[in-house]
Amino acid sequence: MGAYLWVAALFHIQAMISDYIQHYGLRRAIGADGRPAPQSAQDSWNAPRHFSTKMLLAAPLHSDYHLNPTRSYVELSYAPDHPCLPYSLPVMAALATVPPLWRRVMDPRAARWAARK
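Let us look at the structure shown here. Just so it is clear, the structure is predicted and the values come from calculations on it, not from any experiment.

Running from N to C, helix H1 (residues 2–23) and helix H4 (residues 89–96) cross one another at 95°; their axes reach a closest spacing of 10 Å. In terms of their interaxial angle, H1 and H4 are classed as roughly perpendicular. Together, Ile17, Tyr20, Ile21 and Gln22 of H1 and Leu89, Met92, Ala93 and Ala96 of H4 make up the contact between the two elements. Its residues assigned to classes, the contact of H1 with H4 shows seven nonpolar, one polar and no charged.

Next up, the structure:
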């Protein structure tokens, strides 16, 4: 039971940090009715590194997943006009555990994307 709880806790932490990394600093537009606009490719970060894309079942192609949620993982693709993380997801997860370093890397990048909207 202890091993099961340990694995469950690790999975939960990994899922939460992945969500944090893939949406950090990006905000969806608000429509005239006050509700969030439909999801766009500009609302999530990609990490198109060949090895991590294969190992993580195309999770690094996060923008395309939001645009086309019914596509299988192997059909997801990368577009150069989508936000892109500077490093692979495992490296970014390690950076996220050190908040000052994470903010130094990501805050300027997120600000540049916010200015594009």
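So, on to the pattern of salt bridges. Per the stated rule, a full pass over the model turns up one salt bridge. A salt bridge links aspartate 33 to arginine 35, with the shortest nitrogen-to-oxygen separation between them at 3.8 Å. Both residues of the pair, aspartate 33 and arginine 35, belong to the exposed class.

There is a patch of nonpolar side chains on the surface, built from Met1, Tyr4 and Leu5 and spanning about 420 Å² of accessible area. Position of leucine 5 among the secondary structure elements: in helix H1.

Let's shift gears to the environment of leucine 67. Structurally, the position occupied by leucine 67 is in helix H3 (residues 62–67). With 24 residues separating them along the chain, leucine 67 and aspartate 43 place their C-alpha atoms 10.0 Å apart. Non-local contacts of leucine 67, meaning those with residues more than four positions away in its chain, are made with Gln39, Ser40, Ala41 and His82.

Relative orientation of the contacting elements H4 and helix H5 (residues 99–116) amounts to 125°, with a least axis distance of 7 Å. Comparing their axes, H5 and H4 come out oblique. Only Pro99, Leu101, Trp102, Val105 and Met106 of H5 make contact with H4, whose side of the interface consists of Met92, Leu95 and Ala96. Split by residue class, the contact of H4 with H5 holds eight nonpolar, no polar and no charged.

Conventions used here
- Residues numbered from 1 in each chain as written.
- Predicted model: local features only at pLDDT ≥ 70, side-chain atom pairs only at ≥ 80, totals over all residues.
- Heavy atoms only, no water.
- Axes fitted to C-alpha atoms, helices over the stretch in contact; angles between N-to-C directions.
- Helix = DSSP H or I, 4+ residues; strand = E, 2+ residues; numbered from the N terminus.
- Parallel < 35°, antiparallel > 145°, perpendicular 65-115°, else oblique.
- Contact = heavy atoms within 4.5 Å.
- Nonpolar A, V, L, I, M, F, W, Y, C, P; charged D, E, K, R; others polar.
- Salt bridge = Lys/Arg side-chain N within 4 Å of Asp/Glu carboxyl O.
- Buried < 20%, exposed > 50% of the residue type's maximum accessible area, 1.4 Å probe, protein only.
- Patch = residues over 30% accessible without salt bridge, like charges linked within 9 Å, V, L, I, M, F, W, Y side chains within 5 Å.
- Areas by Shrake-Rupley, 256 points an atom, 1.4 Å probe, with all protein chains shown as cover.

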